[in-house]
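# Examining the three-dimensional arrangement
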Amino acid sequence: FEPTERDGRLFGRGAADDKAGVMAHVAAVLAHDGKPPVTVTAFIEGEEETGSENLPAFLEAHRDALQADVIVLADSTNWRVGQPSLTVSLRGLVDCTVEVRTLGHSVHSGFVGGVFPDALTVLSRLLATLHDEEGSVAVEGLLAEEADPLDLTEEELREQAAAVPGLRAVGEGSLTSRLWTRPAISVLGIDAPRVQEASNTLVPAARAKISLRLAPGQDPQAAMEALTRHLEERVEWGAQVAVTPGAIAYPARIRAAGPAYDAVRRAFREAWGTEPVDIGAGGTIPFVQAFMEALPDAAILVTGVEDPDTRAHGTDESLHLEDFERVCVAEALLLRELAT
């Protein structure tokens, strides 16, 4: 958590996500000596990483105080260092915990091994059904669509992700559609004995946490039902299976056209000296949909301070300081543009 500057980047947990996003708003107001040319309401919400559960009720209760023509949400990323972006779509999210049980208690592997399966083997085979042979999501009934491929290459993405040599890219469609507008399933964790503590017994029960990213337009509840149905129907050999639903977050799609969007693109061009790019986001920002529903007449501008090497949520998260300066200047210019 101690900020450290190195090679033009500021390293520290939360440096970009979201401390710099908050400070971009502060900087934009300070750039106008604390008297911006339009009325500004600053709203800082602290539950985004846990799904913003209380935000919809808060927005409903304080709708009048939060009325606005334009809402700037600085929680996204830019296309590259030196290349500003406006995020116009976000994937949604559902997750769950699946537990498989084969035995009432541990049993010596030499006693019934070869007759009854252990829970880890059954769980592993169940998790393997979530993708087809090409690595595409195999859960039926989920939405998927294509996205503008832009100029992203597999080599660039491989470098950003630090993919190990020889690792194949999975799925189908353009890289951007696989990142932004198609579902993606990841296994986030497994509860099972650690290798160094494993005994020569059949594991009676094992659990895994599964995360499903949703394409824009997908109803999260329908996706959760589809995932649950898939798991319940495909567990093998008569093992017991229990699926416990977890988080739900809605995807979002923004029609980025109109005077406010023209204004932010002009501000980007002036601050960055280059043309901005409309992008999607593979991650989820739950409060975007909440603001869209609470304030339907407002233009939603999803901006951000991150770049492909920010590594948000990691121990080596960092903020590109030159880009951060551009972000602050752009938002200050946006206030000027909106005033005219």
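All values reported here derive from a predicted model rather than from experimental measurement.

Within the secondary structure, Thr 310 is located in the loop between β13 (299-306) and β14 (318-320). Polar contacts involving the side chain of Thr 310 include one to the main-chain amide nitrogen of Asp 307, which spans 2.8 Å.

Turning our attention to the pattern of salt bridges. Within the structure shown, the criterion is met by 21 salt bridges. The shortest N-O distance in the salt bridge between Arg 336 and Glu 270 comes to 2.9 Å. Taken together, the residues Arg 336 in helix α10 (residues 321-339) and Glu 270 in helix α8 (residues 259-272) connect sequence positions 66 residues apart. On the basis of relative accessibility, which here comes to 48%, the residue Glu 270 falls in the partly exposed class. When the shortest N-O distance is used, the salt bridge between Asp 323 and Arg 326 registers 2.5 Å.

Time to look at the sheet that holds strand β1 (residues 4-6). Pairing is antiparallel in the open sheet, where 3 strands are placed in the order β1-β2-β14. Each of the sheet's edge strands pairs with one partner strand only, and the pair in question is β1 and β14. Going from strand to strand, the sheet's axes swing by 25° on average, the running direction of each strand aside. Pairing of strand β2 (residues 9-11) with β14 involves 3 bridges; the strand directions are antiparallel. Pairing of Phe 11 across the sheet is with Ser 318, part of β14. Here α10 sits on the sheet in contact with β1, β2 and β14, set at roughly 65° to β14.

Take the environment of Pro 37 next. Position of Pro 37 relative to the elements: it lies in the loop between α1 (15-30) and α2 (55-61). The spacing of Pro 37 and Glu 337 is 300 residues in sequence and 9.2 Å in space, taken between C-alpha atoms. Not counting the four nearest positions on each side in its chain, Pro 37 is found in contact with His 32, Leu 335, Arg 336 and Ala 339.

On to the packing of α8 against α10, then. Helix-helix packing: each pair is described by the crossing angle between the helix axes and the interaxial distance. Following both chains from N to C, one finds α8 and α10 inclined at 135°, their axes separated by 8 Å at the closest point. On the basis of the axis angle, α8 is oblique to α10. Seen along the crossing, α8 lies across α10 with a hand that is right-handed. For the pair α8 and α10, the contacting residues are Ala 260, Ala 263, Val 264, Arg 266, Ala 267, Phe 268, Glu 270, Ala 271 and Trp 272 in the first and Asp 323, Arg 326, Val 327, Val 329, Ala 330, Leu 333, Leu 334, Arg 336, Glu 337 and Leu 338 in the second.

This paragraph deals with the environment of Ala 65. For Ala 65, the location among the structural elements is in the loop between α2 and β3 (70-77). Taking the C-alpha atoms as reference, Ala 65 lies 39 Å from Ile 185; in sequence the two are 120 residues apart.

Let us look at the sheet that holds strand β7 (residues 184-191). One open sheet accounts for 4 strands, arranged β7-β9-β5-β10; its pairing is antiparallel. Bordering the open sheet on either side are β7 and β10 (240-249), each of which pairs with just one other strand. Each strand of the sheet is rotated relative to its neighbour by a mean of 20°, with strand direction disregarded. In the sheet, strand β5 (residues 92-101) pairs with β10 via 8 bridges, with the strands oriented antiparallel. Looking across to β10, one finds that Thr 97 is bridged to Thr 244. Against the sheet, helix α7 (residues 220-234) engages β5, β7, β9 (205-214) and β10, with an angle of about 160° to β10.

One pass over the full model with this rule turns up 4 aromatic pairs. With 5.5 Å between their ring centres and 35° between their planes, Phe 43 and Phe 58 make a pair best called tilted. With a gap of 15 residues between them, Phe 43 in the loop between α1 and α2 and Phe 58 in helix α2 connect regions that are remote in the sequence. Of the residues examined, Phe 43 reaches a relative accessible area of 29% and is grouped as partly exposed. Of the residues examined, Phe 58 reaches a relative accessible area of 37% and is grouped as partly exposed. Of the aromatic side chains, those joined through ring pairs into one cluster are Phe 43, Phe 58, Phe 287 and Phe 291. It is Arg 6 that lies over the ring of Phe 11; its NZ or CZ is 4.1 Å from the centre.

On to the nonpolar core, then. Core analysis: the biggest nonpolar cluster contains 44 residues, and Tyr 261, Val 288, Phe 291 and Ile 300 have the highest contact counts within it. Of all the secondary-structure elements, those providing two or more residues to this core are α1, α2, β3, β4 (85-90), α8, α9 (286-294), β13 and α10. A total of 8 residues in this core trace back to one element, the largest contributor, which is α8. Sequence-distant contacts of Ile 300, defined by excluding residues within four places in its chain, comprise Ile 71, Leu 73, Ile 254, Tyr 261, Val 288, Phe 291 and Met 292. Among the nonpolar cores identified, the runner-up in size contains 26 residues, and Leu 123, Val 139, Met 224 and Val 243 belong to it.

How each quantity is defined
Residues numbered from 1 in each chain as written. Predicted model: local features only at pLDDT ≥ 70, side-chain atom pairs only at ≥ 80, totals over all residues. Heavy atoms only, no water. Helix = DSSP H or I, 4+ residues; strand = E, 2+ residues; numbered from the N terminus. Polar contact = N/O pair within 3.5 Å; in protein donor to acceptor, adjacent residues only side chain to side chain. Salt bridge = Lys/Arg side-chain N within 4 Å of Asp/Glu carboxyl O. Buried < 20%, exposed > 50% of the residue type's maximum accessible area, 1.4 Å probe, protein only. Pairing = 2+ DSSP bridges. Axes fitted to C-alpha atoms, helices over the stretch in contact; angles between N-to-C directions. Contact = heavy atoms within 4.5 Å. Parallel < 35°, antiparallel > 145°, perpendicular 65-115°, else oblique. Left-handed = near helix turned anticlockwise from the far one by under 90°. Phe/Tyr/Trp six-rings, centres within 6.5 Å; stacked < 30°, edge-to-face > 60°. Lys NZ or Arg CZ within 6 Å of the ring centre and 35° of its normal. Core = buried A, V, L, I, M, F, W, Y, C linked by side-chain atoms within 4.5 Å.

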